[in-house]
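Survey of secondary and tertiary structure
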Amino acid sequence: MPQMNPQLRFQHVHADHLKEWFAETLAAYPELHSRPIYLRKVSMRYSTMRAQPVINWQFFRRALRHYRVDFSNHTEVTVHVKVRELPKEVVVGWFAHELGHIVDYLNRPWRGMIAFGLGYAFWSRYMREAERRADTIAVDHGFGSEIQATKRYLINHATLPRHYKKRLRKYYLSADEIDALIAAYEEEGEMPDIVEI
């Protein structure tokens with residue numbers, strides 16, 4: 001396990017392997033090392049995992065802003081898929097995607113973060129672009145195979161609800177698109193832009 005980032009905090013996370021995997025994933029995001037980052041287990045109705053800024057006084061100063069990755073302790077999805085029981089590659093891919101969102105948030109002023117939240121909540125095209133951008137950032141940080149593993153696991157998991165799989169196909173990069181992204185990156189030496197928000 002890499003040396004624990006002093007800015008990393010855990011809230012209600014009891015599984016040591018999840019703490020270790022999150023710390024390992026975060027280590028590949030040097031732009032986040034100086035930021036307070038929380039991994040938190042909470043009750044969420046409509047998500048399994050999400051990344052958000054912490055709403056406190058630091059929210060209004062980009063340089064001081066705190067961020068958190070939440071994962072659900074009970075939802076319709078986690079009845080079928082418990083995060084703590086997933087294979088490492090799948091969980092790391094999920095963490096990498098969420099940290100990709102946080103990288104995307106870094107240069108947004110507080111007004112931009114509010115606009116982002118509204119766009120994400122009310123416009124499906126905006127949500128799709130944000131999710132695809134997070135995948136792209138994760139691939140750019142070396143997590144292409146893990147992102148693929150996460151997509152394939154969730155799409156092929158027989159007991160997941162159909163509406164959840166439909167949402168995955170609609171808003172996120174497919175495994176084939178990720179393959180193409182990795183190939184383009186290896187060929188060109190830099191990550192091509194998939195979306196611009």
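Residues numbered from 1 in each chain as written. Predicted model: local features only at pLDDT ≥ 70, side-chain atom pairs only at ≥ 80, totals over all residues. Heavy atoms only, no water.

Pairing is possible between side chains of opposite charge, provided their charged atoms come close. As enumerated under the stated definition, the model contains 10 salt bridges in all. Notably, a salt bridge pairs Asp70 with Arg50, separated by 3.1 Å at the nearest N-O pair. You can see Asp70 sitting in strand β4 (residues 67–72) and its partner Arg50 sitting in strand β3 (residues 49–53), a full 20 residues away along the chain. Across the salt bridge formed by Arg132 and Glu177, the nearest N and O atoms sit 3.0 Å from each other. Taken as a pair, Arg132 in helix α5 (residues 124–140) and Glu177 in helix α8 (residues 175–188) lie far apart in primary sequence, 45 residues in all. Taking relative accessible area as the criterion, Arg132 reaches 9% and is therefore assigned buried. Since its relative accessible area comes to 30%, Glu177 is described here as partly exposed. Here the residues in one salt-bridge network are Arg40, Arg50, Arg68 and Asp70, joined through shared partners. (Salt bridge = Lys/Arg side-chain N within 4 Å of Asp/Glu carboxyl O. Helix = DSSP H or I, 4+ residues; strand = E, 2+ residues; numbered from the N terminus. Buried < 20%, exposed > 50% of the residue type's maximum accessible area, 1.4 Å probe, protein only.)

The subject of this paragraph is the confidence of the model for the protein chain. Considering every residue of the protein chain, the mean pLDDT works out to 84; 87% of them sit at 70 or more. Mean pLDDT values for the elements of the protein chain range from 54 in helix α2 (residues 76–80) up to 95 in helix α3 (residues 88–105). (pLDDT = per-residue confidence, 0-100.)

Mapped onto the elements of the fold, Glu129 is located in helix α5. Engagement of the side chain of Glu129 in a polar contact is seen with the side chain of Arg125, the distance being 2.8 Å. (Polar contact = N/O pair within 3.5 Å; in protein donor to acceptor, adjacent residues only side chain to side chain.)

It is worth spelling out the packing of aromatic side chains at this point. By the definition in use, this model includes nine aromatic pairs. Ring geometry for Phe116 and Tyr120: centres 6.2 Å apart, planes at 25 degrees, overall stacked. Of this pair, Phe116 and Tyr120 both sit in helix α4 (residues 110–122), four residues apart, which is roughly one turn of the helix. Phe116 gets classed as buried once you look at its relative accessible area, which sits at 4%. Relative to Tyr126, the ring of Phe116 lies with its centre 5.7 Å away and its plane at 65 degrees, an arrangement referred to as edge-to-face. Residue Phe116 is located in helix α4, and its partner Tyr126 is located in helix α5; the two are separated by 10 residues in the primary sequence. Aromatic rings pair up to connect Tyr67, Tyr105, Phe116, Tyr120 and Tyr126 into one cluster. The ring of Phe59 has Arg65 lying over it, and the distance from NZ or CZ to the ring centre is 5.2 Å. (Phe/Tyr/Trp six-rings, centres within 6.5 Å; stacked < 30°, edge-to-face > 60°. Lys NZ or Arg CZ within 6 Å of the ring centre and 35° of its normal.)

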